[in-house]
Amino acid sequence: MNNTKLKLELKVPFFMAWIVTFIILYALSYTWHGVILNDLSRVSYPKSVFLFLVAAVYFCISFAITFLAQVLPFDYKLHIKGLLVGAPMGMFIYLIAFVFGISFYTNPTLSHIMLDLGWQVFEESIGGIIAGGLLSLFGLLAKDMKKSRVSS
């Protein structure tokens with residue numbers, strides 16, 4: 001695939017990569033905040049509302065990562081492009097939450113801030129690698145299916 005031009009293909013491989021990336025990012029977030037840190041016990045409104053809102057946010061984040069991994073004109077393999085998109089996106093998302101005071105802690109320490117920032121960058125980097133890798137994989141599978149139909 002030539003990545004030197006913006007190339008947007010909203011076809012089945014894109015949607016499959018987007019949905020799988022969303023599921024993995026949401027699971028990573030739940031594992032971090034709900035299991036490892038037990039932050040969900042600090043939520044002051046119904047957990048179902050919180051989890052729904054988090055799902056909506058991660059649905060948008062996974063779309064953005066998958067979209068940018070596909071269209072940005074870097075001349076790298078898609079999983080590397082995903083990483084290069086995911087890491088800064090993680091930092092950006094954390095900074096938005098930090099500036100608006102969205103946190104489970106009222107007075108976070110510097111070590112807590114660095115840990116959360118590191119986790120968010122790691123999480124979105126994983127999402128980027130997955131999105132890019134799945135775009136490549138599903139794109140190759142779609143091409144193979146087209147070839148097999150044509151040769152039949």
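Before any of the text, the structure's been laid out above.
These lines cover the structure that appears in this document, whether it is placed above or below. Nothing here was measured: the structure is a model prediction, and the numbers come from that model.

Residue placement: M89 occurs in helix α3 (residues 78-99). Each C-alpha atom, one on M89 and one on Q120, is 8.8 Å from the other, the two residues being 31 residues apart in sequence. In contact with M89, other than residues within four places in its own chain, are I61, A64, I65, L68 and E124.

The nonpolar side chains of a soluble globular protein tend to be buried with one another. Ranked by size, the top nonpolar core spans 13 residues in total, and within it L25, F50, Y58, I61 and I65 carry the most contacts. Of all elements in the fold, only α1 (12-36), α2 (47-71) and α3 reach the threshold of two or more residues within this core. Of all the elements, α2 adds the most residues to this core, at six residues. Excluding anything up to four places from it in sequence, L25 contacts Y58, I61, S62, I65, E123, E124 and G127. In this structure, W18, A69, L135 and F138 belong to the second largest nonpolar core, which totals eight residues.

With 25 residues, α1 ought to run about 36 Å at 1.5 Å a step, and its terminal C-alpha atoms sit 34 Å apart, in line with that. Here α1 has its buried residues at P13, F14, A17, W18, T21, F22, L25, S29, W32, H33 and G34. Once α1 ends, the next one or two residues include N38, with phi positive near 55°.

Geometrically, a pair of aromatic rings is defined through the distance of the ring centres and the angle of the planes. Evaluation of the coordinates by the stated rule reveals 13 aromatic pairs. Look at W32 and W119: their rings are 4.4 Å apart centre to centre, the planes differ by 5°, and that puts the pair in the stacked class. Of this pair, W32 sits in helix α1 while W119 sits in helix α4 (residues 110-151), and the two are 87 residues apart along the sequence. For the pair formed by W32 and W119, the shared burial category is buried. Ring geometry for Y45 versus F50: centroids 6.3 Å apart, planes at 55°, classification tilted. Classification of Y45 as partly exposed rests on a relative accessible area of 39%. Here F50 falls in the buried class, since its relative accessible area comes to 14%. In this structure an aromatic cluster arises from ring pairing among F14, F15, W18, F22, Y26, F59, F63 and F67.

A word on the packing of α1 against α2. The N-to-C vectors of α1 and α2 enclose an angle of 135°; their axes lie 8 Å apart at closest approach. Classed by the angle they form, the pair α1 and α2 counts as oblique. As α1 runs across α2, the sense of the crossing is right-handed. Residues F14, A17, W18, I19, T21, F22, L25, Y26, S29 and Y30 of α1 form the contact with α2, whose own contacting residues are L51, V54, A55, Y58, F59, I61, S62, F63, I65, T66, F67 and Q70. In terms of residue class, the contact of α1 with α2 is made up of 17 nonpolar, five polar and no charged.

What counts as what
- Residues numbered from 1 in each chain as written.
- Predicted model: local features only at pLDDT ≥ 70, side-chain atom pairs only at ≥ 80, totals over all residues.
- Heavy atoms only, no water.
- Helix = DSSP H or I, 4+ residues; strand = E, 2+ residues; numbered from the N terminus.
- Contact = heavy atoms within 4.5 Å.
- Core = buried A, V, L, I, M, F, W, Y, C linked by side-chain atoms within 4.5 Å.
- Buried < 20%, exposed > 50% of the residue type's maximum accessible area, 1.4 Å probe, protein only.
- Expected span 1.5 Å × (residues − 1).
- Phe/Tyr/Trp six-rings, centres within 6.5 Å; stacked < 30°, edge-to-face > 60°.
- Axes fitted to C-alpha atoms, helices over the stretch in contact; angles between N-to-C directions.
- Parallel < 35°, antiparallel > 145°, perpendicular 65-115°, else oblique.
- Left-handed = near helix turned anticlockwise from the far one by under 90°.
- Nonpolar A, V, L, I, M, F, W, Y, C, P; charged D, E, K, R; others polar.

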